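Geometric and topological summary
Now for the letters of each chain:
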Amino acid sequence: MRPDLTLDIKNLRLSFRSWSGSTEVLHGIDLSVAPGERVALVGESGSGKSVTSRIVLGTMQDVRHARVSGQVTFEGTDLAKLASVERRALRGREISMIFQDPSSALNPVFRIGDLFHEVLKRRHPKISKGEARQRAAAILQDVSIADAERVLSSYSFQLSGGMNQRVMIAMALINEPRLLLADEPGTALDVTVQAQTLSLMRDLVEQKRTSVLFISHNLGVVREFADRIYVIYRGNIVEHGPTAAIFDAPQHPYTQALLSAIPRLTGGGVPDIEERSLSFNDPMISHGTDI
Amino acid sequence: MPDPILSIRAVSKEFHVGKSRVQAIDDVSLDVFEGECLAIVGESGSGKSTLANMILGLGAPTSGAIRFKNVELPAKRSKLHRRQIQLVQQNPLSALNPRRSIGASLRLALDVHGHGQRADRPDMVAALLKEVGLDPDMATRSPSGLSGGQRQRIAIARALACQSQVVVLDEPTSALDVLVQARVLRLLNALRASRKLTYIFITHDLSVVRNIADRVAVFQKGKLVEIAQTETLFANPTCDYTSTLISAVPVVSPEEVALRDALANVRVF
Ligand SMILES: Nc1ncnc2c1ncn2[C@@H]1O[C@H](COP(=O)(O)OP(=O)(O)OP(=O)(O)O)[C@@H](O)[C@H]1O
Ligand SMILES: Nc1ncnc2c1ncn2[C@@H]1O[C@H](COP(=O)(O)OP(=O)(O)OP(=O)(O)O)[C@@H](O)[C@H]1O
Ligand SMILES: [Mg+2]
Ligand SMILES: [Mg+2]
């Protein structure tokens, strides 16, 4: 255990039970994030990125047919030693999450303004409705939402995909968490708005030494944003190291295939690369950066 | 020029939320030709999904008309119309019935559209799943336990099962890693060629657009601000907003950086 790390994951396993038996989806993952560090988790669709972040958030442990083992330490505290209520107390305050699917994460029976009020109450239990609205409007402007008042009066189904995503981002940032779990935060944003939200996250990291675990399929964004990268394939980390090392000298066959499949702004057609290969199961490669 | 398969004529759409009025689509006209892939890109909140929904008959335009093969589409669509145009929604979870298994959803799509013999359905479902890079075993699972990209692929598989002539794809690959994305894009290309499909492909990913679209339409604040052949648009964008967009794309190679910088420099403010 390393108390100096914000997040330290050791030998994390997850399996799901069903009527036909048990399926393991995480096969023993090690991953860490230091204070003020931006770490990206990239890889195959279905390889276990979202479930990993939900284990850190502490919600996967409450899913009945899920079985989690291994160690997840947040600022020196072993999450498994906390009761469900104590884990819940961290959520939305010390650890917050931008969910991959904002339209299902935002409760459709409440207006966005009321949802913000609830989120703010987690850190400031006595905050008034008026003050919450003011603070929410300010942070919405920071994520390039021009008509914040209208958005606060709306339900999530009255907003566009990218507006919901920005609402989620704003909610995750507003309580200035110690650890931000950002699961595909930019998929519904145009590139200029995306740049704006990334710079907002970067400010938080720099001013408050917030740590970020950033999940994304957009490798261009990852290259600009992350300090370090973990590459995951079918529930195993296959390669990890500093961003430059991964992009300039990828060693694992899966990482190499992934990087060569990035569609290019300069054209050249859709890449034609096999998305399965036995060599993708090769042992993990570490670029010697254990922090 | 051949006749367009789909023709959008002076379409506007307004929403009202409390005291505010939202002009989601503002007097948009555009034609879509048979067999083409037309990309729609632009600002988040500029009305792209609203337009997609109206093409499907989910919400009528406040004014204007949408024509399919020269016939105006009514607000209430017949079964025939629903067969001819399919939508892959931006948020696939809301499009899949949570109580139905993946296999049942796909079989239903095949049934509704009367494709193949009933006895062949399980094999057809397995083939569909394989084509989008999923394990055929996934047929027994429910949508709630799937990853974001797995759901997205189910939504694509379902739309393709319907064998419609026009497919509107709203951010269909945003939750896929680039390897699986490439597979899905190749599949879409192959089906377009073999079945003469027409795609309206809505996305924020300009690198994908460059590699699959014949033409690109750029939206900003509810308006169509530019429409051009893909090569022309990337070489010579005429609208400032288009060059702003292209020059803000996060890229990975030096050639792409050069293209981006070239556009950033021609921009006149
Ligand atoms: N509640 C659940 N029950 C059963 N299996 C599940 C459940 N949740 C997730 N899984 C499975 O676990 C695996 C990992 O899912 P996860 O959502 O973490 O993928 P991901 O890496 O986030 O993928 P994507 O990039 O597509 O979002 C997937 O194969 C998924 O089908
Ligand atoms: N049912 C509705 N009621 C009220 N306003 C709506 C409704 N649907 C959409 N809007 C508004 O219309 C505008 C356009 O939304 P739309 O979803 O079409 O944008 P978009 O271009 O698809 O954006 P994104 O790229 O973020 O998905 C937004 O301001 C949105 O809030
Ligand atoms: Mg995911
Ligand atoms: Mg949309």
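Owing to the predicted nature of the structure, the values given are computational and were not obtained by experimental measurement.

From N to C terminus, chain B includes eleven helices and ten strands. What you see for chain B is a C-alpha radius of gyration of 19 Å, in line with the 18 Å of a compact globule of 269 residues. When its C-alpha atoms are laid out on the principal axes, chain B stretches across 60 × 45 × 45 Å. When burial is assessed residue by residue, chain B has 49% of its 269 residues classed as buried. Across chain B, contacts joining residues at least 24 apart in sequence account for 64% of those joining residues at least 6 apart.

A few words on the domain arrangement of chain B. Residue and element names in this part refer to chain B. Segmentation of chain B into domains returns domain 1 (6-236) and domain 2 (237-269). Summarising the inter-unit geometry, the C-alpha centres of domain 1 and domain 2 are found 27 Å apart. Across the boundary between the two partners, domain 1 contributes ten residues, which contact eight residues of domain 2. Secondary-structure elements contributing two or more residues to the side of domain 1 that touches domain 2 are α8 (206-212), β9 (215-220), β10 (223-229) and α9 (230-235).

Along the chain, the position of B:Ala258 falls in helix α11 (residues 254-266). For the pair B:Ala258 and B:Arg195, spaced 63 residues apart in the sequence, the C-alpha separation amounts to 38 Å.

A few words now on the site of ligand 1. Around ligand 1, 17 residues are found, and the nearest of them are A:Ser50, B:Gly145, B:Ser147, B:Gly148 and B:Gly149. More than one chain reaches ligand 1: the nearby residues come from chains A and B. Of all the secondary structure elements, the ones that give two or more residues to the shell around ligand 1 are α1 (49-57) of chain A together with α6 (148-161) of chain B.

Let us now look at the site of ligand 2. Among the 19 residues in the neighbourhood of ligand 2, the closest are listed as A:Ser160, A:Gly162, B:Phe15, B:Ser49 and B:Thr50. More than one chain lines the surroundings of ligand 2; the residues nearby belong to chains A and B. Split into classes, the residues belonging to the shell around ligand 2 amount to seven nonpolar, eleven polar and one charged.

Before going further, it helps to spend a moment on the sheet that holds strand β4 (residues 66-74) of chain A. Whenever strands of a sheet pair, they do so through backbone hydrogen bonds, lying parallel or antiparallel. All names here are of chain A. Pairing within the open sheet is antiparallel, and its four strands lie in the order β2-β1-β4-β5. Looking at which strands have only one partner, the edges of the open sheet turn out to be β2 (21-33) and β5 (77-78). In this structure, strand β1 (residues 7-18) lies alongside β2, joined through ten bridges in antiparallel fashion. Bridge pairing in β2 links arginine 13 to histidine 27. Against the sheet, α1 engages β1, β2 and β4, with an angle of about 110° to β1.

Here we take up the interface of chain A and chain B. Each partner contributes to the interface: chain A provides 51 residues, whereas chain B provides 49 residues. A total of five residues in the side of chain A that touches chain B trace back to one element, the largest contributor, which is helix α9 (residues 219-225) of chain A. In terms of residue class, the side of chain A that touches chain B is made up of 18 nonpolar, 22 polar and eleven charged.

Okay, the pairing of strand β7 (residues 166-170) of chain B next. Two faces belong to every sheet, and in a regular strand the side chains alternate between them. All names here are of chain B. Of all the five residues making up β7, five are buried; the element is thus mostly covered by neighbouring parts of the structure. Side chains Val166, Val168 and Asp170 project from β7 onto one buried face, and the interleaved Val167 and Leu169 project onto a second face that is buried too. Sheet analysis places strand β6 (residues 85-88) next to β7, joined by four bridges and oriented parallel. Considered in β7, the bridge of leucine 87 is made with valine 168. Pairing between β7 and strand β8 (residues 198-202): five bridges, direction parallel. From the neighbouring strand, leucine 169 faces β8, where its bridge partner is phenylalanine 201.

A few words now on unusual backbone geometry. All names here are of chain B. One non-glycine residue, glutamine 163, lies in the positive phi region at around 55°. Along the chain, glutamine 163 turns up in the loop between α6 and β7. Residue glutamine 163 is classed as partly exposed on the basis of its 17 C-beta neighbours within 10 Å.

All names here are of chain A. The buried fraction of strand β3 (residues 38-43) is high, at six of six residues. Side chains Arg38, Ala40 and Val42 of β3 all project onto a buried face; the interleaved residues Val39, Leu41 and Gly43 project onto the opposite face, where all are buried too. Examined bridge by bridge, β3 and strand β8 (residues 211-215) share four bridges and lie parallel to one another. The residue of β8 that forms the bridge with valine 39 is leucine 213. One ladder, built from five bridges, connects β3 with strand β9 (residues 228-233); its direction is parallel.

All right, on to the sheet that holds strand β10 (residues 236-242) of chain A then. Residues and elements named next belong to chain A. Pairing is mixed across the open sheet formed by seven strands, whose spatial order is β6-β7-β8-β3-β9-β10-β11. The open sheet has two free edges, formed respectively by β6 (95-98) and β11 (285-286), since each of these has just one partner strand. Pairing between strand β7 (residues 179-183) and β8: five bridges, direction parallel. Bridged to aspartate 183 within β8 is isoleucine 215.

So, about helix α4 (residues 112-123) of chain A. The α-helix advances 3.6 residues per turn, and as a result positions three or four apart in sequence lie on the same side. Residues of α4(A) that are buried: A:Ile112, A:Leu115, A:Phe116, A:His117 and A:Leu120. Structurally, α4(A) contributes buried residues whose contacts are with α5 (129-142), α6 (148-152) and α7 (161-174) of chain A.

Criteria and cut-off values
Residues numbered from 1 in each chain as written. Chains lettered and ligands numbered in written order. Predicted model: local features only at pLDDT ≥ 70, side-chain atom pairs only at ≥ 80, totals over all residues. Helix = DSSP H or I, 4+ residues; strand = E, 2+ residues; numbered from the N terminus. Rg over C-alpha atoms; globule rule 2.2 N^0.38 Å. Buried ≥ 20, exposed ≤ 12 C-beta atoms within 10 Å, placed from the backbone. Contact = placed C-beta atoms within 7 Å. Domains from an automatic or database assignment. Near = placed C-beta within 6 Å. Nonpolar A, V, L, I, M, F, W, Y, C, P; charged D, E, K, R; others polar. Pairing = 2+ DSSP bridges. Axes fitted to C-alpha atoms, helices over the stretch in contact; angles between N-to-C directions.

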